[in-house]
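Report on the structure
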Amino acid sequence: RASNHIMRQRTTNTLKSIPIFQLYRQKHFGPLQQFDEGKLAVLAELFQFVEFQEGTKICEQGEIGDAFYLIVQGAVSIISQNPEGEDVFLAELGANAWFGEISLLEETRRTATVVTRCRTVLLKLTADNFQRFMQLSPQLVETIQQMIGVRKSEVLETIPFFSGVKENKPWSKLGLLGGTF
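Residues numbered from 1 in each chain as written. Predicted model: local features only at pLDDT ≥ 70, side-chain atom pairs only at ≥ 80, totals over all residues. Heavy atoms only, no water.

Comments concerning the packing of aromatic side chains
What counts is decided by this rule: Ring pairs shown here join Phe, Tyr and Trp side chains whose ring centres sit within 6.5 Å, with only the six-membered ring taken for Trp; geometry is labelled stacked below 30 degrees between planes, edge-to-face above 60, and tilted in between. Each helix is a run of DSSP H or I of at least 4 residues and each strand a run of E of at least 2, with the numbering of both proceeding from the N terminus. Using a 1.4 Å probe on the protein chains alone, a residue whose accessible area is under 20% of its type maximum counts as buried, one over 50% counts as exposed, and one in between counts as partly exposed.
Tallied over the full model, the rule gives five aromatic pairs. For the pair Y69 and F99, a centre-to-centre distance of 5.0 Å together with 20 degrees between the ring planes defines the contact as stacked. Taken together, the positions of Y69 in strand β5 (residues 67–73) and F99 in strand β8 (residues 98–99) put the pair 30 residues apart, joining distant regions of the chain. We classify Y69 as buried; its relative accessible area is 4%. We classify F99 as buried; its relative accessible area is 3%. Here the aromatic cluster, defined as three or more aromatic residues joined through ring pairs, consists of F47, F68, F130 and F133.

If you want it as structure tokens, here you go:
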């Protein structure tokens, strides 16, 4: 019991340090921040810490999605196969980033392969716990869903037909197109 409490508190404290969870910050006075401890404690129970060594394949493109991950420490490479079957580096994600959301939210197979670049510590949310997370935190899920269009546009850029599309800021043609899939 004591170790469960300590682990839950560690997870709660970790969630506080991840920018997406700033939504649960209630007050901010100088360096002091007060969070909705109850809500974060409930969410913390859903997550588990996992650690991987450098070069570990966490998930593979085409697999059925079984978890969502938040990066606590370390970095991962996001790699996708283009239509010609070639591996294309899409992004490097570091602390406070997440991955695995597309397959869970859209009930589809993994859209990319994720490989650790160094020793990496993650908070893992299983598919079942992700469903609970969506019920408890619709605002966070909305933020995560908004990133899906961005990530899909990154995949589109790897396809030769779309790679030449010129972008006009502040909006992105590929971002809009990525949001339609």
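After that view, the rundown keeps rolling.
Details of the nonpolar core
The following threshold applies: Put simply, a nonpolar core is a bunch of buried Ala, Val, Leu, Ile, Met, Phe, Trp, Tyr and Cys residues held in one set by side-chain atoms that sit within 4.5 Å of each other. Residues count as neighbours in contact if any of their non-hydrogen atoms are within 4.5 Å of one another.
Judged by nonpolar contacts, the single largest core of 26 residues is most densely connected at L15, F21, F47, F68, L70 and F133. Contributions of two or more residues to this core are made by α2 (37–44), β5, α3 (101–105), β10 (120–126), α4 (127–136) and α5 (138–156). The greatest single-element share of this core, amounting to four residues, is contributed by α5. With sequence-adjacent residues up to four places away left out, F68 is seen in contact with W98, F99, G100, E101, L104, L123, K124, L125, F130 and I144. With 16 residues, the next largest nonpolar core counts V76, I78, A97 and V114 among its residues.

Taken by themselves, the reported measurements are silent on function.
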